[in-house]
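Inside the fold
As a plain string of letters, each chain reads:
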Amino acid sequence: MSERRLRVGVAGLGRAFMLTLPSFAADPRVQLVASSDPRAEATARFAAEFGARAHDSVEALCADPEVEVVYIATPHELHAAHVALAAKHGKHVLVEKPMAITEDECDAIIDAVDRARVVLVVGPSHSFDRPITRAREIVASGEWGAVRMIHAQYFTDFVYRVRRPEELDAARGGGVLLSQGAHQIDIVRLLAGGRATSVRAFTGNWDRARPPEGAYAALIAFEGGAFASITYSGYGRFDGDTLCGDISELGARKDPRDYGGARRRLAQVPTPASEAAAKANRGFGGAADAPSLVAAYEHFGFVLVCCDRADVRPTPDGVTIYRDDAVSFEPLPAPRVTREAVIDELWNAVVDGRAPLHDARWGAATVEACLALRTSTREGRDVTLRKQVGVRT
Ligand SMILES: NC(=O)c1ccc[n+]([C@@H]2O[C@H](COP(=O)([O-])OP(=O)(O)OC[C@H]3O[C@@H](n4cnc5c(N)ncnc54)[C@H](O)[C@@H]3O)[C@@H](O)[C@H]2O)c1
């Protein structure tokens, strides 16, 4: 076991932290040393469970000399301010997706981490999932020729999961464009080489009670001529996991009897306050919904990469290659935890000085593309992208 550990302080002990915690807890490279969250029950339980300090603000967390890396898992409209605090105190950063909610905030983050010379990794996003990175290795090897076209689609109940009020406000980053687009756009950017050139999109807001965008379809063009079509609906009817072996986004086996479960649970919390309380209850220190046992890798729905001489399909348990004359399946070893690759990237950057793939410029490029979906829909035109970066290997 390594003596060296990343001393991580956590800002925001909500749902995202709950989902990443099993990977942190299982990894001898990570030590959870401190936290900050306005929910005192969460920081108290964190302190008791990990022998860690509780801070009453993110600034105090960032100032804690024991903290080496700040994992920013606060609501995404706070990410830019919290990255600025971490950088000011010289701390490395793991920031949840989306990196921020505007392009100006992304520029400020790039500037802050550059000036402070700290590492920033944006994640976890589903572009860290091992079947996706294996598919990237396969297509980048060149064995099957150039990547020509990518198709990615996912259908979930995202819109009807219990939410904080900000998550139902597009101006504060609510809706699927940033939350879910960040995953899908990260995936297609990784598979196509990273540098998107333009976006043409249509978005849907089909439920007035849940106003931000809940669906989109878009065509993304890439340098070199590849193009991707991406489709997402969070309106909770057709379940995209049925195209992924009935494995959930988080890698758990799905129970088909839970069909419509998000709507049923939402109906039990009819006011914004009761809904926000239900959401808080899904975070650390709450009573609901610990992550289920892992049965396979995490995923973000159906993905197919068409190359000159083969189609490549990552699935939760491996990668299938459809050649001219035969189909082959490359299984991946079953995961123990699903988010180890995020720790790998952080460790390699902080300890070994290897620049991360999902750095601030990568995160800004993904946010630029997510926001372009809204602009393209509103203005009925192709939107040119200007902040794209390639895949660092
Ligand atoms: N990678 C993933 O799988 C994943 C999953 C869910 C959410 N996310 C991302 O994580 C972020 C948080 O979303 P969530 O669903 O966990 O929300 P959440 O409401 O469950 O958690 C946010 C937490 O931050 C705390 N918080 C609020 N203001 C704070 C402050 N000023 N200082 C410290 N803590 C504060 C809240 O009390 C709450 O515990 C979002 O950016 C979201 O997109 C990522």
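Keep in mind it's a predicted model, so treat the numbers as computed, not measured. (Residues numbered from 1 in each chain as written. Predicted model: local features only at pLDDT ≥ 70, side-chain atom pairs only at ≥ 80, totals over all residues. Heavy atoms only, no water.)

1. Some remarks on unusual backbone geometry
The test is simple: We count a stretch as a helix when DSSP gives it H or I for four or more residues in a row; a strand needs E for two or more, and each element gets its number in order from the N terminus.
Cis geometry marks the peptide bond from K97 to P98; its omega dihedral reads -15 degrees. Take P98: it is sitting in the loop between β5 (92–95) and α5 (103–116). Geometrically, the link from G123 to P124 is a cis peptide bond, its omega value of 0 degrees lying close to zero. Within the element layout of this structure, P124 appears in the loop between β6 (120–122) and α6 (130–140). Located in the positive-phi region is R117, a residue other than glycine, with phi close to 55 degrees. Turning to its location among the elements, R117 is positioned in the loop between α5 and β6. With phi around 60 degrees, D246 is a residue other than glycine that occupies positive phi space. On the secondary structure map, D246 appears in the loop between β10 (227–233) and α9 (261–267).

2. Here's the deal with the site of the ligand
Stated precisely, the cut-off is as follows: If even one non-hydrogen atom of a residue comes within 4 Å of a molecule or strand, that residue is called near it. Whenever two N or O atoms come within 3.5 Å, that pair is a polar contact, provided that in protein one can donate a hydrogen and the other can accept it, and provided that, for residues adjacent in sequence, both atoms are side-chain atoms. Note on areas: Shrake-Rupley, 1.4 Å probe, and residue coverage restricted to the protein chains presented here. For this classification, Asp, Glu, Lys and Arg are treated as charged, while Ala, Val, Leu, Ile, Met, Phe, Trp, Tyr, Cys and Pro are nonpolar and the rest, including Gly, are polar.
The environment of the ligand is formed by 26 residues, the closest being A16, D37, R164, K279 and R339. Within the side chain of R39, a nitrogen or oxygen atom sits 3.1 Å from an oxygen atom of the ligand. In isolation the ligand has 830 Å² of accessible area, and contact with the protein removes 85% of it. Every element with two or more residues in the shell around the ligand is listed here: α1 (15–25) and α4 (79–88). Sorting elements by how many residues they give to the shell around the ligand places α1 first, with three residues. Classifying every residue of the shell around the ligand gives ten nonpolar, eight polar and eight charged.

3. Concerning the side chain of T43
As a reminder of what qualifies: Whether two residues touch is decided by their heavy atoms; if any such pair falls within 4.5 Å, the residues are in contact.
Within the secondary structure, T43 sits in helix α2 (residues 40–50). Within the structure, the side chain of T43 is placed 3.2 Å from the backbone oxygen of A40, a separation counted as a polar contact. With near-sequence residues (within four places) excluded, T43 lies in contact with L13, S35, S36, D37 and A54.

4. Topic: the sheet that holds strand β4 (residues 69–72)
Applicable threshold: For two strands to be treated as a pair, DSSP must find no fewer than two bridges joining them. Geometry is summarised by axes, namely lines fitted to C-alpha atoms with helices restricted to the contacting stretch, and by angles between N-to-C directions that run from 0 to 180 degrees.
Ordered by their spatial adjacency, six strands build an open sheet running β3-β2-β1-β4-β5-β6, and the pairing between neighbours is parallel. Two strands close off the open sheet at either side, each with one partner strand: β3 (53–55) and β6. Strand-to-strand, the axes of this sheet are offset by a mean angle of 25 degrees, without reference to chain direction. Sheet topology note: the strand β1 (residues 6–11)/strand β2 (residues 30–36) ladder contains six bridges and is parallel. Bridging across to β2, A11 finds its partner in S36.

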